[in-house]
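Geometric and topological summary
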Amino acid sequence: MSLVSVIVPCYNVSSFIGNLSSVFEQSYKELELILVDDCSSDDTWQKLQEFKQAHSDKRIIVHHNEQNLGVGLTRNKGFALSSGEFVVFWDADDQIEPDYIEKMLSQLNQKQADFVCCAYYFHEGAQVSVVPVEHELLESKTTLEIKHHFFNFMCAVWNKLVRRSFIEQYNISFPDSAYGEERVWTMQLVLNANNIAFIEEPLYHYFRFPNSMTSWSNIRVLDGISYLLQFSEQLFHQKGMFDDLVDEWKLRCLYDATKWWFKFPNGSDLQCQFALRFYDFCQKQNIELVWQKYPFYVRAPLYRLLSKKLNLKLRWKLKCSYNCCKALRNYNDIFGAILDIAQKRSKQQ
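Residues numbered from 1 in each chain as written. Predicted model: local features only at pLDDT ≥ 70, side-chain atom pairs only at ≥ 80, totals over all residues. Heavy atoms only, no water.

This brings us to the overall build of the protein. Check the secondary structure of the protein and you find twelve helices and nine strands. A globule of 349 residues ought to have a C-alpha radius of gyration of about 20 Å, and the protein, at 22 Å, matches this closely. Taking all 349 residues of the protein together, 51% fall into the buried category. Pairs at least 24 residues apart make up 78% of the contacts formed inside the protein by residues separated by at least 6 positions. Charged side chains in the protein number 38 positive and 41 negative. The centres of these two groups are separated by 9 Å. (Helix = DSSP H or I, 4+ residues; strand = E, 2+ residues; numbered from the N terminus. Rg over C-alpha atoms; globule rule 2.2 N^0.38 Å. Buried < 20%, exposed > 50% of the residue type's maximum accessible area, 1.4 Å probe, protein only. Contact = heavy atoms within 4.5 Å. Lys, Arg positive; Asp, Glu negative; His and termini not counted. Charge placed at Lys NZ, Arg CZ, Asp CG, Glu CD.)

This part is about the pairing of strand β6 (residues 115-124). β6 sits mainly inside the fold: eight of its ten residues count as buried. Pairing of β6 with strand β8 (residues 160-163), which is carried by three bridges, proceeds in the antiparallel orientation. Looking across to β8, one finds that V116 is bridged to L161. Note that β6 and strand β7 (residues 127-131) share five bridges and pair antiparallel. Considered in β7, the bridge of F122 is made with S129. As consecutive antiparallel partners, β6 and β7 are separated by two residues, and within that stretch G125 has a phi angle of approximately 65 degrees, a positive value. (Pairing = 2+ DSSP bridges.)

To continue, consider the packing of helix α9 (residues 242-263) against helix α12 (residues 332-348). It is at 10 Å that the axes of α9 and α12 come closest, and there the two elements cross at 80 degrees. One way to sum up the angle between α9 and α12 is to call them roughly perpendicular. Packed against α9, whose contacting residues are L254, A257, T258, W261 and F262, the element α12 presents I334, F335, A337, I338 and I341 at the interface. (Axes fitted to C-alpha atoms, helices over the stretch in contact; angles between N-to-C directions. Parallel < 35°, antiparallel > 145°, perpendicular 65-115°, else oblique.)

Even without glycine at this site, N12 takes up a positive phi of about 55 degrees. Along the chain, N12 turns up in the loop between β1 (4-10) and β2 (31-37). With relative accessibility at 29%, the residue N12 sits in the partly exposed group. Phi at C39 takes a positive value of approximately 60 degrees, unusual for a residue other than glycine. Relative to the assigned elements, C39 resides in the loop between β2 and α1 (44-54).

What follows covers the packing of α9 against helix α11 (residues 312-330). Contact geometry for α9 and α11: axes closest at 9 Å, N-to-C directions at 15 degrees. As the angle between them shows, α9 and α11 are arranged roughly parallel. Our pair here, α9 against α11, has a crossing hand that is left-handed. Where α9 approaches α11, its residues D244, D247, E248, K250, L251, L254 and Y255 are matched on the opposing element by K313, W316, K317, C320, N323, C324, A327 and L328. Class assignment of the residues belonging to the contact of α9 with α11 gives a composition of eight nonpolar, one polar and six charged. (Left-handed = near helix turned anticlockwise from the far one by under 90°. Nonpolar A, V, L, I, M, F, W, Y, C, P; charged D, E, K, R; others polar.)

Bringing the UniProt feature "domain: Glycosyltransferase 2-like" (unreviewed entry) in the protein into the picture now. Sites flagged by UniProt as "domain: Glycosyltransferase 2-like" (unreviewed entry) map to residues 5-168. Counted over residues 5-168, helix gives 30% and strand 26%. Its end C-alpha atoms are 15 Å apart. (UniProt positions renumbered as here; feature names shortened; annotations may be inferred.)

Most often, soluble globular proteins have nonpolar side chains that are buried together. If you look at the biggest cluster of nonpolar residues, it comprises 116 residues, and the most contacted ones within it are L35, W90, Y100, F115 and F278. Broken down by element, the residue count for this core peaks at ten residues, all from α9. Every residue in contact with W90, bar those within four places of it in the chain, is listed here: V6, I7, V8, P9, V23, Q26, I96, Y100, I101, W158 and Y204. (Core = buried A, V, L, I, M, F, W, Y, C linked by side-chain atoms within 4.5 Å.)

Looking now at the state of the cysteines. One pass over the full model with this rule turns up zero disulfides. Between C282, a free cysteine, and C253, which holds the nearest cysteine sulfur, the sulfur-to-sulfur gap is 7.0 Å. (Disulfide = S-S within 2.5 Å.)

For the coordinates displayed, the defined rule picks out 26 aromatic pairs. Between the aromatic rings of W260 and F274, the centroid separation amounts to 6.1 Å while the plane-to-plane angle is 85 degrees, which identifies the pairing as edge-to-face. Placement of the pair is W260 in helix α9 and F274 in helix α10 (residues 269-285), with a sequence separation of 14 residues. You can call W260 buried: its relative accessible area is 1%. An aromatic cluster of three or more residues is present, and its members are W90, Y100, Y120, F122, W158, Y204 and Y206. The residue whose ring lies beneath R75 is F174, and the NZ or CZ to ring-centre distance is 5.5 Å. Its end group placed over the ring of W291, R329 keeps NZ or CZ at 5.2 Å from the ring centre. (Phe/Tyr/Trp six-rings, centres within 6.5 Å; stacked < 30°, edge-to-face > 60°. Lys NZ or Arg CZ within 6 Å of the ring centre and 35° of its normal.)

Look at α11: 26 Å from first C-alpha to last across 19 residues, which is about the 27 Å you get at 1.5 Å a residue. For α11, the set of buried residues is R315, L318, C320, S321, Y322, N323, C324, C325, A327 and L328. Against α9 and α12 lie the buried residues of α11. (Expected span 1.5 Å × (residues − 1).)

Structure below.
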């Protein structure tokens, strides 16, 4: 049997250490568990050592970072300490179906894939929902088609089982970033893969806790956003996918901006810095921020008049442009504020 490395970054997860025993309740038994404490301020490190002692018959590596690295670099450290032919990254505060690894590994080997991705359960308070694999991905006949649907991909790390040789071949790693590290990692997986497999069944339980949310009062979050935007553009170019994805990529940038804007403290210096950085980025990438400047033929959903079979590429381009225009119109206050901040800067220079 092939060894699977389960890598778990740990930061102030003292109350969840008991969850880790579920790893050894997996139906697939050839496992090693890599636990990396990222300088927790609670007693996580002590409990991890106690956990290893209590499971001395299991293959467990416990490591303590010399300094706080953040979740991305901590996962990289866990990978460096692992030796499994396959790797999976889980979180200590989540739960996993007992046949997760067995089913994921079976599908990966059956499809001879570089990695496999599954649906998952999303828990927020008492609410539970299933986040499915998008049908565009399931219906894609080739890996190239899957790559064309990149923006339908789930960017979580814990619902993916990956071949170690694939990660090493393309030097895939997490960036030193306080935001977007999972999307950067997933981007590398998808755009480098020769074959990708999916499982429609949800096998992972992701729990969102209020105290696990990103702190948007940190300048490193803003730096992470800038890195994510630049990295995506560079990687799409590097893999020869930019022309195919540019319209949808611009749309995604606009939609993401509407989310990021409200997450920064309203009226804060960070929100102002975000506005200036995003404006400069859009200027460089030729992303229009005024909906009235779009051609009249994309201000209405005229793409619907085109046949999906005969004009698919043109139809998709028009649809993305229409949705960009629609996003700008629907969030006119946000983009208007971004433009106002940029204009004030230009007057001061």
